[in-house]
Amino acid sequence: MQYLCQLDDIVPNTGVCALYKDKQIAVFRLADNRIFALDNYDPFSQANVLSRGILGDLDNQVVVASPIHKQHFNLESGQCLEDEKIKLTSYAVIIKEGAVYL
C-alpha cells in the first residue's frame, strides 16, 4: 500500500496526477467521494493527460473523457468506450483516515 495524497487534496469531480512506482496515475474523486485510479497515459494522444479529463456519466458508466481527443474511459475498468481494443490499467484505491492509498 502506497500513500498518494489526502482526500481533501482532490476537489470533488476532478482528478489529480500521482506518482506510483515510477508511473503516472490519474486519481479521480467524484462528488459522492468515490475514488478511482487509472493510468494517466492517454494512448490516443500519447500524453500523460487523463487526470485533467472531464468526469461524467455515459451509457450508465462513470467515465473520464480525455482532454485531447475526447475518448471516454470507464473509471472502474479502464475500458475505452470508443475502442474495445484499448483498456487502461485500473487500480484499487483505499481511503484510510482521510488519506488515499493504492
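Definitions and cut-offs
- The residue count restarts for each chain, going from 1 along the sequence in the order it is written.
- The model is predicted, so local features are restricted to residues of pLDDT at least 70 and side-chain atom pairs to those at 80 or more, both for listing and for counting; the totals for chains, interfaces and linings are taken over all residues.
- With hydrogens and water set aside, each side-chain value is computed from the structure's full complement of heavy atoms.
- Only DSSP runs of H or I reaching four residues or more are called helices, and only runs of E reaching two or more are called strands; each is numbered from the N terminus.
- The cut-offs for exposure are 20% and 50% of the maximum accessible area for each residue type, with area from a 1.4 Å probe on protein chains only; residues under the lower value are buried, those over the upper are exposed, and the others partly exposed.
- For two strands to pair, DSSP has to find at least two bridges joining them.
- Orientation is described by lines fitted to C-alpha atoms, with helices fitted over the stretch in contact, and by angles between N-to-C directions that extend from 0 to 180 degrees.
- Working definition: a ring pair exists when centres of Phe, Tyr or Trp rings (six-membered ring for Trp) sit within 6.5 Å. Plane angles under 30 degrees give stacked, over 60 give edge-to-face, the rest tilted.

Enquirer: Can you explain the overall build of the protein chain? Please cite residues and give values.
Expert: Within the protein chain one finds zero helices and 12 strands. Each helix (α) and strand (β) of the protein chain, taken in turn from the N terminus, gives the series β-β-β-β-β-β-β-β-β-β-β-β. Taken along the three principal axes of its C-alpha coordinates, the protein chain extends 35 × 30 × 20 Å. Relative to its full complement of 102 residues, the protein chain shows a buried share of 42%.

Enquirer: Help me get a handle on the sheet that holds strand β9 (residues 72–74), residues and values and all.
Expert: The three strands are arranged β7-β8-β9 in an open sheet whose pairing can be described as antiparallel. At either margin of the open sheet sits one strand with a lone partner, and together these are β7 (54–58) and β9. Pairs of neighbouring strands in the sheet enclose a mean axial angle of 40 degrees, with direction left out of account. Summarising the sheet, β7 and strand β8 (residues 61–65) pair through five bridges and their orientation is antiparallel. From the neighbouring strand, D57 faces β8, where its bridge partner is V62.

Enquirer: Would you mind going over the sheet that holds strand β1 (residues 3–6) in detail, with residue names and values included?
Expert: Pairing is antiparallel across the open sheet formed by three strands, whose spatial order is β1-β12-β11. Single-partner strands in this sheet number two, and they are β1 and β11 (94–96). In this sheet, adjacent strand axes meet at a mean angle of 30 degrees when their direction is disregarded. The sheet contact formed by β1 and strand β12 (residues 99–101) spans three bridges and is antiparallel. Opposite C5, over in β12, you have V100 as the bridge partner.

Enquirer: Could you give an account of the packing of aromatic side chains, with specific residues and numbers?
Expert: Under the counting rule described, the total for this entry stands at three aromatic pairs. Arranged with centres 5.9 Å apart and planes meeting at 75 degrees, the rings of Y20 and Y91 form a pair that is edge-to-face. Within this pair, whereas Y20 is found in strand β2 (residues 14–20), its partner Y91 is found in strand β10 (residues 90–91), the two being separated by 71 residues in sequence. Residue Y91 is classed as buried on the basis of its relative accessible area of 19%.

Enquirer: Can you break down unusual backbone geometry residue by residue, with the values?
Expert: Backbone geometry places K21, a non-glycine residue, at a positive phi of 50 degrees. Here K21 shows up in the loop between β2 and β3 (23–29). Even without being glycine, N33 reaches a positive phi, approximately 75 degrees. Checked against the element boundaries, N33 lands in the loop between β3 and β4 (35–39). Residue N33 is classed as partly exposed on the basis of its relative accessible area of 36%.

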